[in-house]
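The residues making up each chain are set out below.
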Amino acid sequence: MIKIALLGYSGSGKTYIFKELTGKESEIFDPFKPNIGIGIYKDERLEKIKEIVKPKKVVYPEFEIYDFKGFPEGEGFPSNYFKNFFEADIILLIVKNFAEEANPEEEMESLVMELIYHDIERVESIIEGRKKEKTNTEIWEKCLDFLKSEKFLKDMEIDKKQLLGAELITLKEFLILSNGNRKEIKTDLPVIYEIKDIYKKVIEKLGMITFYTIKGDIAQAWIIPENLNAKQAGGKIHKDIEKGFVKAVSLSFNEFVEITDWHKAKNMGILKLLGPNSHIEDGDIIEFYFTK
């Protein structure tokens, strides 16, 4: 399940966003303990499939949402505040844009710098420690220079495996959510203006795709990394499918909507045959064949 961490200053409406995504009303006031809820993505394509095939059950993708208590912008975040963010797949930076006095661009820039400053301090500490141990600091010096140019380490062209375990927050993917749309946010960074667009943008940002299955009376959406082949994709449904994979057949979402019947498409001979190493396209409706 994809994990989304919400980050924002107090007053940004972050908890409101959390409630909108999860429907969870209870709050947690410990700044170092997240409020965790489940968000359900009402995928528009799955809704259309539901409309066509009328299954008894529809299984929508679920996301795990982490909400942490905010701090005032002038106060900033404690040094150990970000330790719980390392479990997240992506961070959603939430800026207030629903009040006349709001300055979303300035708030966005402040949040970005909070993350960069955290990593600068962390890398400086690593460099100091390695110098005491008389070990090589070259890669860390490069990271420090990159951070001081106000860039995230995720955009640095190096082997990121060298940085694993260093607890660097700017290695994470992130998106900006404008809570409200009173003012346009002028930036080269990815900005979301509508809550309903969050899940779709998260999927895109993480380099993932969605495929669908219609099995018996169940229609379901599956989110997977875009580089998985057909056999590996089957394993995301059940390991037995990957282990006993024989073949799969697929039909694009647009073709399915046009034909409106899987068996008709099969009789027309337009289903695409997928071998174990075949590439899966976003929006494919897939049927797997495997031995038990």
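Our structure's up above, just so we're on the same page.
Predicted model, so just to flag it, every value in this text is computed and none were measured. (Residues numbered from 1 in each chain as written. Predicted model: local features only at pLDDT ≥ 70, side-chain atom pairs only at ≥ 80, totals over all residues. Heavy atoms only, no water.)

## Let's talk about the overall build of the protein chain
Phase 1: Check the secondary structure of the protein chain and you find nine helices and twelve strands.
Phase 2: In terms of overall dimensions, the protein chain has a C-alpha envelope of 65 × 50 × 35 Å along the principal axes.
Phase 3: Every one of the 292 residues in the protein chain was classed for burial, and the buried ones make up 45%.
Phase 4: Relative to all contacts within the protein chain whose residues are 6 or more apart in sequence, the contacts with residues 24 or more apart total 66%.
Phase 5: Surface summary for the protein chain: the accessible area is close to 15800 Å², and the carbon and sulfur share equals 47%.
Phase 6: Averaging the coordinates of the 44 positive side-chain charges in the protein chain and doing the same for the 52 negative ones gives two points 6 Å apart. (Helix = DSSP H or I, 4+ residues; strand = E, 2+ residues; numbered from the N terminus. Buried < 20%, exposed > 50% of the residue type's maximum accessible area, 1.4 Å probe, protein only. Contact = heavy atoms within 4.5 Å. Areas by Shrake-Rupley, 256 points an atom, 1.4 Å probe, with all protein chains shown as cover. Lys, Arg positive; Asp, Glu negative; His and termini not counted. Charge placed at Lys NZ, Arg CZ, Asp CG, Glu CD.)

## Details of the pairing of strand β6 (residues 173-179)
Phase 1: The element β6 is largely enclosed, with a buried count of six among its seven residues.
Phase 2: In this structure, strand β5 (residues 90-96) lies alongside β6, joined through seven bridges in parallel fashion. Within the sheet, the bridge partner assigned to Ile90 lies in β6 and is Glu173.
Phase 3: In this structure, β6 lies alongside strand β7 (residues 191-192), joined through two bridges in parallel fashion. Bridge pairing links Leu177 to Ile192 in β7. (Pairing = 2+ DSSP bridges.)

## A word on unusual backbone geometry
Phase 1: At Lys134, a residue that is not glycine, the phi angle is positive and equals roughly 60°.
Phase 2: Note on placement: Lys134 falls in the loop between α3 (104-132) and α4 (138-148).
Phase 3: Since its relative accessible area comes to 77%, Lys134 is described here as exposed.
Phase 4: Phi is positive for Glu167, close to 55°, though the residue is something other than glycine.
Phase 5: On the secondary structure map, Glu167 appears in the loop between α4 and β6.
Phase 6: On the basis of relative accessible area, Glu167 is assigned to the partly exposed category, the value being 45%.

## Things to note about the side chain of Ser12
Phase 1: Summarising the element assignment, Ser12 is placed in the loop between β1 (2-7) and α1 (14-22).
Phase 2: Engagement of the side chain of Ser12 in a polar contact is seen with the backbone nitrogen of Lys14, the distance being 3.4 Å.
Phase 3: Beyond its immediate sequence surroundings of up to four residues, Ser12 is in contact with Ile94, Lys96, Phe98, Glu107 and Asn179. (Polar contact = N/O pair within 3.5 Å; in protein donor to acceptor, adjacent residues only side chain to side chain.)

## Concerning the sheet that holds β7
Phase 1: Strand order in the open sheet formed by six strands is β2-β4-β1-β5-β6-β7, with mixed pairing between adjacent strands. Strand pairing shows two members of the sheet lacking a second neighbour, β2 (35-40) and β7, which therefore form its edges.
Phase 2: Looking at chain direction, β1 and strand β4 (residues 62-67) are connected through five bridges and run parallel. Across the sheet, the residue bridging to Lys3 is Glu64, located in β4.
Phase 3: The strands touched by α1 are β1, β2, β4, β5 and β6; relative to β2, the strand with the most contacts, the crossing angle is about 45°.
Phase 4: In the packing of helix α5 (residues 198-205) onto the sheet, contacts are made with β1, β2, β4, β5, β6 and β7, and the angle to β6 comes to roughly 160°. (Axes fitted to C-alpha atoms, helices over the stretch in contact; angles between N-to-C directions.)

## Quick notes on the packing of aromatic side chains
Phase 1: Per the counting criterion, the structure on display carries 17 aromatic pairs.
Phase 2: Each ring, one from Phe68 and one from Tyr81, has its centre 6.2 Å from the other, and the planes form 65°; the classification is edge-to-face. On the criterion of sequence distance, the pair formed by Phe68 in the loop between β4 and β5 and Tyr81 in the loop between β4 and β5 is long-range, its members being 13 residues apart. Here the two residues Phe68 and Tyr81 agree in accessibility, since each one is buried.
Phase 3: Ring geometry for Phe71 against Tyr81: centres 5.5 Å apart, planes inclined by 90°, an arrangement best described as edge-to-face. Separated by ten residues along the polypeptide, Phe71 in the loop between β4 and β5 and Tyr81 in the loop between β4 and β5 bring together distant segments of the chain. Here Phe71 matches Tyr81 in class, with each residue buried. (Phe/Tyr/Trp six-rings, centres within 6.5 Å; stacked < 30°, edge-to-face > 60°.)

Geometric values such as these leave the question of function open.
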